[in-house]
Amino acid sequence: MYRPTIGLEVHAELKTRTKMFCDSRNDPDETRPNINVCPVCMAHPGTLPVINREAVRHMLRIGTAIGGTIADFSEFDRKSYFYPDIPKGYQISQYKHPLIVGGELAGVAITRVHLEEDTARSTHAGGKSLVDFNRAGIPLMELVTEPMIPDAETAGRFARELQLLLRTLGAGKANLEKGEMRIEANISVSDKEGVYGTKVEVKNLNSFRSVERAIAYEIKRQTALIESGGKVVQETRGWNEAKQETFHQRFKEGSADYRYFPEPDLPKLYLKDIPEFSPETIRAGLPELPWERRARYAKAYALKEADAAYLCATTERATFFDAVATALKNKKKRIALAANYIVSDLAGVYAKRGSEEYAQLNAGAFAKLITLIDSRHLSSRGAKDTLLILVEKGGDPEAIAKEHGLIQSHDAEALRDAVKRVLALETKAVEEYRAGKEAALQYLIGKGMKAAKGAGNPAILKDLIREELGK
Ligand SMILES: [Zn+2]
């Protein structure tokens, strides 16, 4: 009855060698304050900004990837406001002519994507305020979605897909925890008549989970408020991770007047006249995009959609899986088996260890493990043990399996004899099997393994039993 409407505003720092308008280093990992600064990003009088080509290229690649319209003409604007973290007294941003308009990602329509500079970082402690200008002037992407997101899950899916896209494009690391990607959600709930409600802005969302939970919480809070006859007020709220609830931060006093006007110190961008920024050049330079990769995995190896999505969810996983596929010489069945192992067993091992270490795991060795399983030299139990050792210590899976006595007997004649002996003894189970009882087959396999002294592969035994009984 109450329909939520959610729009997201995402800021992401772009990965470039230098800052947006000067040659100070763009190094988000610098821990010493005020190291990466210069007269330009400190706004000394008489200094002039210069546009960072790399940042513009990142933006055009992002815009092309999401199917947005790249502006023929773009320019920067001054956004005036006074705050200690903004040394010039204005931020160079984009207003009327953003680089990208429109586009779509994870089913969510995008309004615009523009380029601006990040602010400095201020810390308030012990009655003092400290400002670190390392971050001032770092290229920052701002992406605004249409207010069309219906629920928290869709918002979370969108945010994860955006992070993956930025990482795939090499445009940014986009870690929410480090503030490299910042998400604000505008949430409103329409009333029973369908009239749009007052929107509330939620900030300080520094994980995907907090994005989802804060939205879900706000929808509940606003709905309950309306139902009890109350009114939603326009305000900015924060997210309290410990209490798992949003809290009031400040009321929005109308829309601030930023006195936008075109930045006179920067040239206009006539993008279509710059060869390296032509749509064809940008498109040709794009890597395989996350959704293309997922579709390729699903199609080429007949993977389940969810499994393909899991493999593509981080670049490390996808890179590892691609390396395994290459090592398996593109044999479809084995690659599908490898996918299955990564999604289930390897994921389980990594979950227990608390981190994924694909970079340390040798793709060739993993591929060999898969080959041993597929050729039935390893049972699923033996494979599990071998995998654990492979992850912990590395090495050759065949040598590991041999050392731990996990290699299965492949002496077909010996196994067949064992099966024959079992079938001759277990007449009752054989009858039951013939009567269609599947449980009887499992029982016979168990007996067969005992007869083979544990060296028999259940799958091979199953085949042999069926063969023998089929005669
Ligand atoms: Zn600088």
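As shown above, the structure is provided for reference.
Since the structure is predicted, the reported quantities are computational estimates derived from the model, not experimental observations.

Enquirer: For this particular structure, what's the right way to read the coordination of the zinc ion?
Expert: Six octahedrally arranged donors around a metal ideally form angles of 90 or 180 degrees; four tetrahedrally arranged donors ideally form angles of 109.5 degrees. The protein atoms that coordinate the zinc ion are Cys-22 (SG), Ser-24 (OG), Cys-38 (SG) and Cys-41 (SG), at distances spanning 2.2 to 2.3 Å. Of note is the zinc ion, whose four donor atoms meet at the metal with angles of 96 to 120° in an arrangement that counts as tetrahedral. Here the donor residues of the zinc ion share one chain and are spaced in sequence as C-x1-S-x13-C-x2-C. One end of the pair, Cys-22, is in the loop between strand 1 (4–13) and helix 1 (53–65); the other, Cys-41, is in the loop between strand 1 and helix 1, and 19 residues separate them in sequence. Classification of Cys-22 by relative accessible area gives buried; the value is 12%. The exposure class of Cys-41 is buried, given its relative accessible area of 9%.

Enquirer: Would you mind showing me how to read the packing of helix 2 (residues 152–168) against helix 3 (residues 208–227) here?
Expert: If you want to describe how two helices pack, look at the angle between their axes and the distance between the axes. Packing of helix 2 against helix 3 leaves a shortest axis separation of 8 Å and a crossing angle of 155°. In terms of axis orientation, helix 2 runs roughly antiparallel to helix 3. Crossing geometry of helix 2 relative to helix 3 is assigned as right-handed. Contacts between helix 2 and helix 3 involve Ala-152, Glu-153, Ala-155, Gly-156, Ala-159, Arg-160 and Gln-163 on the former and, on the latter, Phe-208, Glu-212, Ile-215 and Ala-216. Looking at the contact of helix 2 with helix 3 residue by residue, the class counts come to six nonpolar, two polar and three charged.

Enquirer: I tried to follow the packing of aromatic side chains on my own but got confused; where do I start?
Expert: The relative placement of two aromatic rings is captured by the distance of their centres and the angle of their planes. Going through the model one piece at a time under the given rule, you end up with 12 aromatic pairs. On the numbers, 5.2 Å between centres and 45° between planes, the contact of Phe-320 with Tyr-358 is tilted. Here the residue Phe-320 occupies a position in helix 7 (residues 315–327), and Tyr-358 occupies one in the loop between helix 8 (332–353) and helix 9 (363–374), the gap between them amounting to 38 residues. We note that Phe-320, like Tyr-358, is buried. Of the aromatic side chains, those joined through ring pairs into one cluster are Tyr-81, Tyr-95, Tyr-258 and Tyr-260.

Enquirer: Please explain the nonpolar core as it appears in this structure.
Expert: The tendency in soluble globular proteins is for nonpolar side chains to be buried side by side. Leu-8, Met-141 and Ile-215 are the most contacted members of the largest nonpolar core, which has 60 residues in total. In this view, Leu-8 contacts Leu-143, Val-144, Thr-145, Ile-149, Ala-155, Phe-158, Ile-183, Glu-184, Ala-185 and Ile-215; residues no more than four positions away in its chain are not counted. Among the nonpolar cores identified, the runner-up in size contains 39 residues, and Tyr-297, Tyr-358, Ala-363 and Leu-372 belong to it.

Enquirer: Looking at this structure, how should I read the layout of surface pockets?
Expert: Taking a probe equal in size to a water molecule and rolling it over the atoms shows the remaining empty space. By volume, the second largest pocket amounts to about 470 Å³. Secondary-structure elements contributing two or more residues to the lining of the second largest pocket are helix 2 and helix 6 (305–312). Ranked by the residues each element gives to the lining of the second largest pocket, the list is headed by helix 2, at six residues.

Enquirer: Sorry, what's going on with empty space enclosed by the protein here?
Expert: Counted under the stated rule, the structure contains two cavities of 30 Å³ or more. Its volume calculated, the largest cavity comes out at about 70 Å³. In terms of lining residues, the largest cavity is bounded by Cys-41, Asp-85, Ile-86, Pro-87, Lys-88, Tyr-90, Glu-117, Asp-118, Thr-119, Ala-136 and Gly-137. A per-class count over the lining of the largest cavity returns five nonpolar, two polar and four charged. Counted as a void, the second largest cavity has a volume near 50 Å³. Along the walls of the second largest cavity sit Leu-164, Thr-168, Glu-288, Leu-289, Pro-290, Arg-293, Cys-312, Thr-314, Thr-315 and Ala-318, which together make up its complete lining. Listing elements by their share of the lining of the second largest cavity, those giving two or more residues are helix 2, helix 5 (290–300) and helix 7.

The rules we used
- Residue numbers here run from 1 along each chain, matching the order of that chain's written sequence.
- With pLDDT at 70 or above as the cut-off, local features in this predicted model cover only qualifying residues; side-chain atom pairs require 80 or more to be listed or tallied, and sums for whole chains, interfaces and linings still use all residues.
- Where side-chain values are given, they derive from all heavy atoms of the structure, hydrogens and water being excluded.
- With water excluded from the atoms, a metal site may look incomplete; its donors are any N, O or S atoms within 2.8 Å, or within 3.2 Å for Na, K and Ca.
- Geometry assignment treats four donors as tetrahedral when all angles are between 85 and 135 degrees, treats four as square planar and six as octahedral when opposite donors are over 155 degrees apart and all others between 65 and 115, and treats everything else as irregular.
- Secondary structure elements follow DSSP: runs of H or I no shorter than four residues count as helices, runs of E no shorter than two count as strands, and numbering proceeds from the N terminus.
- For every residue, the accessible area (1.4 Å probe, protein chains only) is compared with the maximum for its type, and the residue is labelled buried under 20%, exposed over 50%, or partly exposed between those bounds.
- A fitted line through C-alpha atoms serves as each axis, taken over the contacting stretch for helices, and the angle formed by two N-to-C directions is quoted from 0 to 180°.
- Angles are sorted into four bins: roughly parallel if under 35 degrees, roughly antiparallel if over 145, roughly perpendicular if 65 to 115, and oblique for all others.
- Note on convention: the crossing is left-handed when the near helix lies turned anticlockwise from the far helix by less than a right angle, right-handed when the turn is clockwise.
- The contact criterion used is simple: two residues touch if any of their non-hydrogen atoms lie within 4.5 Å.
- Residues are grouped as follows: nonpolar covers Ala, Val, Leu, Ile, Met, Phe, Trp, Tyr, Cys and Pro; charged covers Asp, Glu, Lys and Arg; every other residue, Gly included, is treated as polar.
- Aromatic pairing here means that ring centres of Phe, Tyr or Trp (its six-membered ring) are within 6.5 Å. Orientation follows from the plane angle: under 30 degrees is stacked, over 60 is edge-to-face, and everything else is tilted.
- Note on terminology: a nonpolar core comprises buried Ala, Val, Leu, Ile, Met, Phe, Trp, Tyr and Cys residues joined through side-chain atoms within 4.5 Å.
- Using a 1 Å grid laid over the protein atoms alone, points where a 1.4 Å probe fits but cannot get out form a cavity; open sets with protein on both sides within 12 Å along at least 5 of 7 lines form a pocket; any residue with an atom within 4 Å of a point counts as lining.
- Grid points are joined across faces, edges and corners, and a volume is the space filled by probe spheres set on the points.

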